[in-house]
Amino acid sequence: MTKIREVLARMGLISKINSLADVKGLMINEEEYSRVQNWLDAYRGDADWQHYTWMDNYGVDHSEKRKTLNMPKTVAHEMASLVFNNKCLINVTPITEKVKDKTAPEDLDNPAHLFVQNVLNDNYFYYNAQRYLEYMFATGGMVIRGYVRDGKVKLRFATADAFIPISEDANGVTECVIVDTFKKQGDYYTFLEWHLDKDSSYVIKNELYKSTNGSDIGVKVSLNEVYQGLEEETVYLKSQYTVPTFVYVKPNIANNINLTSPLGIPLIANASDTLKQLDLLYDMLYQENEMGRRRVNIPSSMIKLKLNQQTGEMKRQVDWRDRAYQVFKSDGVENAKPDDITLPLRDEQMLNAINGLLNILAGQTGFSAGTFTMTQSGEMKTATEVISENSKTHKSKETHETVIGDALKRVVQMVVELGRYSSADYSGPTDVNVSINFDDSVAKDRNQDLDYYMRVTNNQQLMPLSEAIKRFNGITDVEAEDYVQRIKEENADEGDIEDVLGNEEVNDNADTGATKPKDPK
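No experiment lies behind these values; they were computed from the predicted model shown. (Residues numbered from 1 in each chain as written. Predicted model: local features only at pLDDT ≥ 70, side-chain atom pairs only at ≥ 80, totals over all residues. Heavy atoms only, no water.)

Draft legend 1. Molecular detail of the overall build of the chain. Check the secondary structure of the chain and you find 14 helices and 20 strands. Here the chain holds 521 residues, and the buried ones make up 40% of them. Carbon and sulfur atoms make up 47% of the accessible area of the chain, which totals about 30200 Å². (Helix = DSSP H or I, 4+ residues; strand = E, 2+ residues; numbered from the N terminus. Buried < 20%, exposed > 50% of the residue type's maximum accessible area, 1.4 Å probe, protein only. Areas by Shrake-Rupley, 256 points an atom, 1.4 Å probe, with all protein chains shown as cover.)

Draft legend 2. Just the packing of aromatic side chains, in detail. Going through the model one piece at a time under the given rule, you end up with 15 aromatic pairs. Ring centres of Phe84 and Tyr126 lie 6.1 Å apart, and the angle between their planes is 10°; on these two criteria the pair is classed as stacked. Residue Phe84 is found in the loop between α4 (71–83) and β3 (89–94), and its partner Tyr126 is found in helix α6 (residues 125–139); the two are separated by 42 residues along the sequence. You'll find Phe84 and Tyr126 in the same group, each marked buried. With 6.1 Å between their ring centres and 85° between their planes, Phe125 and Tyr126 make a pair best called edge-to-face. With relative accessibility at 14%, the residue Tyr126 sits in the buried group. Just above the ring of Tyr202 sits the side chain of Lys238; from NZ or CZ to the centre is 5.1 Å. Residue placement shows Arg486 over the ring face of Tyr483; its charged tip is 5.4 Å from the ring centre. (Phe/Tyr/Trp six-rings, centres within 6.5 Å; stacked < 30°, edge-to-face > 60°. Lys NZ or Arg CZ within 6 Å of the ring centre and 35° of its normal.)

Draft legend 3. Seen up close, the nonpolar core. Formed by 98 residues in total, the largest nonpolar core has its most connected members in Met71, Phe84, Phe125, Phe137, Phe163 and Ile404. Counting residues per element, this core draws most heavily on helix α9 (residues 392–421), which supplies nine residues. The residues contacting Met71, other than those within four sequence positions of it, are Leu275, Leu278, Leu358, Leu361, Phe372 and Met380. Counting seven residues, the second-largest nonpolar core is a separate cluster that includes Phe182, Val221, Leu223 and Val226. (Core = buried A, V, L, I, M, F, W, Y, C linked by side-chain atoms within 4.5 Å. Contact = heavy atoms within 4.5 Å.)

Draft legend 4. Representation of the environment of Asn110 within the structure. Its place among the elements puts Asn110 in the loop between β3 and α5 (111–122). Sequence-distant contacts of Asn110, that is, excluding residues within four places in its chain, are made with Val92, Thr93 and Pro94. One polar contact links the side chain of Asn110 to the main-chain carbonyl oxygen of Val92, over a distance of 3.1 Å. (Polar contact = N/O pair within 3.5 Å; in protein donor to acceptor, adjacent residues only side chain to side chain.)

Draft legend 5. Just α4, in detail. Across its 13 residues, α4 extends 18 Å between first and last C-alpha, which sits within 8% of the 18 Å expected from 1.5 Å per residue. Of all 13 residues making up α4, ten are buried, and the element is well covered by its neighbours. Met71, Pro72, Thr74, Val75, Ala76, Glu78, Met79, Ala80, Leu82 and Val83 are the residues of α4 that are buried. (Expected span 1.5 Å × (residues − 1).)

Draft legend 6. Summary view of the pattern of salt bridges. One pass over the structure, following the stated rule, counts 15 salt bridges. When the shortest N-O distance is used, the salt bridge between Arg145 and Glu193 registers 2.8 Å. In this pair, Arg145 sits in strand β4 (residues 142–149) while Glu193 sits in strand β8 (residues 187–197), placing the two residues 48 residues apart along the sequence. With respect to burial, Arg145 and Glu193 carry one shared label: buried. Between Lys210 and Asp187 there is a salt bridge, with its nearest N and O atoms 3.5 Å apart. Note that Lys210 is positioned in strand β9 (residues 201–211) and Asp187 in strand β8, a separation of 23 residues in sequence. (Salt bridge = Lys/Arg side-chain N within 4 Å of Asp/Glu carboxyl O.)

Draft legend 7. Up close: the packing of α6 against α9. Where α6 contacts α9, the two axes come as close as 13 Å, and the packing angle between them is 135°. The angle between α6 and α9 falls in the class oblique. The two elements α6 and α9 meet at a crossing, and its hand is right-handed. Two secondary-structure elements touch here, α6 through Phe125, Leu133, Met136 and Phe137 and α9 through His400, Ile404, Leu408 and Val411. Here the contact of α6 with α9 is composed, by residue class, of seven nonpolar, one polar and no charged. (Axes fitted to C-alpha atoms, helices over the stretch in contact; angles between N-to-C directions. Parallel < 35°, antiparallel > 145°, perpendicular 65-115°, else oblique. Left-handed = near helix turned anticlockwise from the far one by under 90°. Nonpolar A, V, L, I, M, F, W, Y, C, P; charged D, E, K, R; others polar.)

Draft legend 8. Quick peek at the packing of α5 against α9. Relative orientation of the contacting elements α5 and α9 amounts to 105°, with a least axis distance of 10 Å. Judged on the interaxial angle alone, α9 and α5 are roughly perpendicular. Where α5 approaches α9, its residues Phe115, Val116 and Val119 are matched on the opposing element by Val412, Val415, Val416 and Gly419. Among the residues making up the contact of α5 with α9, the classes are represented as six nonpolar, one polar and no charged.

Draft legend 9. Seen up close, α9. Taking 1.5 Å per residue, 30 residues should reach 44 Å; α9 reaches 44 Å between its end C-alpha atoms and fits that length. The sharpest bend along α9 measures roughly 25° and falls at Thr402. (Bend = angle between axes of the 7 residues up to and from the residue.)

Draft legend 10. Molecular detail of the pairing of strand β5 (residues 152–159). Examined bridge by bridge, β4 and β5 share eight bridges and lie antiparallel to one another. Within β5, the position partnered with Gly146 by the bridge is Leu155. Here β4 hands over to β5 after two residues, with Asp150 in that stretch at a positive phi of 55°. (Pairing = 2+ DSSP bridges.)

Draft legend 11. Structural detail: the sheet that holds β5. As summarised here, the arrangement of the three strands in space is β5-β4-β12, forming an open sheet in which the pairing is antiparallel. If you trace the sheet from one side to the other, it starts and ends with β5 and β12 (246–249), each paired once. Recorded for the sheet is a direction-independent mean angle of 20° between the axes of neighbouring strands. Pairing geometry for β4 and β12, over four bridges, is antiparallel. In the sheet register, Met142 faces β12, and the bridge partner there is Val249.

Draft legend 12. Structural context of unusual backbone geometry. Non-glycine residue Tyr124 carries a positive phi angle of around 50°. By the element assignment, Tyr124 lies in the loop between α5 and α6.

Draft legend 13. Local environment of the confidence of the model for the chain. Here the chain averages 79 in pLDDT, and 70% of its residues register 70 or above. Below a pLDDT of 50 lies the segment residues 19–24, which in the model reaches eleven contacts outside its immediate sequence neighbourhood of four places, other chains included. (pLDDT = per-residue confidence, 0-100.)

Draft legend 14. Inspection of the environment of Ile164 at higher detail. Here Ile164 is to be found in strand β6 (residues 163–169). A sequence separation of 99 residues divides Ile164 from Leu263, and the C-alpha atoms of the two residues are 8.8 Å apart.

Structure (structure tokens):
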């Protein structure tokens, strides 16, 4: 597979794409995608600042790569896991005249909800969504696109380096090109998937280009050469489809690098200096342990001599593999003796400096101070608990959930419309309500919340039992009420607590202060 950066750099792909079809000018240039590639390299643990050269005493250059903490990966993974996981509930109900305050289980037993859940599960959506959300937080965006194959609705993801916007409106990107470059049997292919917004329809055009040397985009070839049965053009009428067949998602962060760009920026976009310093310190810490081994100066007079069979000269015999000993010329030095020159390690100071930078990085990427720490053993630890709703991590999480939740609603709308009008799998309604319930259990310290609310309520009951059961289990109001009723029935079968303790017998004799003995029976 050729990397998109190489394509952009070697054959000016964006300029080429701009002249391949009769569309509006592309909204971005090579400079923007150079930044995307830099962010992607940092996420991969291969940032440009990690590479350096040095010259030895003989004038020979050496290329080295510094050790890295790879914090871009850690930061993106942590935010993705906080925002979205497989406990996220996506509920779909048809739009009706009567609006209900509560969602009952039977409300979810409708064709739209069942169809959407089947499509999501069939496409491993919950697993793929969290993975690509991590890519989104690392590189600034991702795209989800839908299509129909063999009568089934399919969902595919693409990363920021393969997404090229063409036009946008107040609601976001409306047209785009999705690029896929690959090598097959010695030839280089570039597949372009155009998503175009016409007056009365959404149009998807597929084009395949082939090159023998990879130095240019090549010539247009038949789709059947790689993609059997794929249509060159598919039209989706706006009388049936209310949303395009792709959804572009980006972090809820303003792009301060290019204020007019529709592309997003990653969490680390404004933290490159901190990331560079972190890797420098971590590499120094590694070198400190590597070079801080025991060192002893040995007088040359104490090294035994050995005859060189080729020259007949006596040479000092030294095992240069034993790097603990450093030999110095002791001719003319009286009372020369070995000297331990081992320097103390500075690992504690370096760890303190690293943890200080980790706090700065946390603030720059939307996390609370103390989220990331490095221990004496060199282990990177991440605090997953969001201490309070006022914490920076919690606010960042909710901010990103706003745009991701809206994107998921558009994905669901796209799925039901594709199912209704482009496949034989679905005949239900397309006017649906979509509710997204993110799982907040991974982002709350429940004990601290409980302590706070118990203090302000003077240790009184915080909420009805049904509400507590609903929130704890992530179920509907009707299901929670059913749980409460079952609990009452089970308690009734076991008897009242006063009966178990025999308190009725005690109350009968409360006036006299005497306790009536129980009947032995």
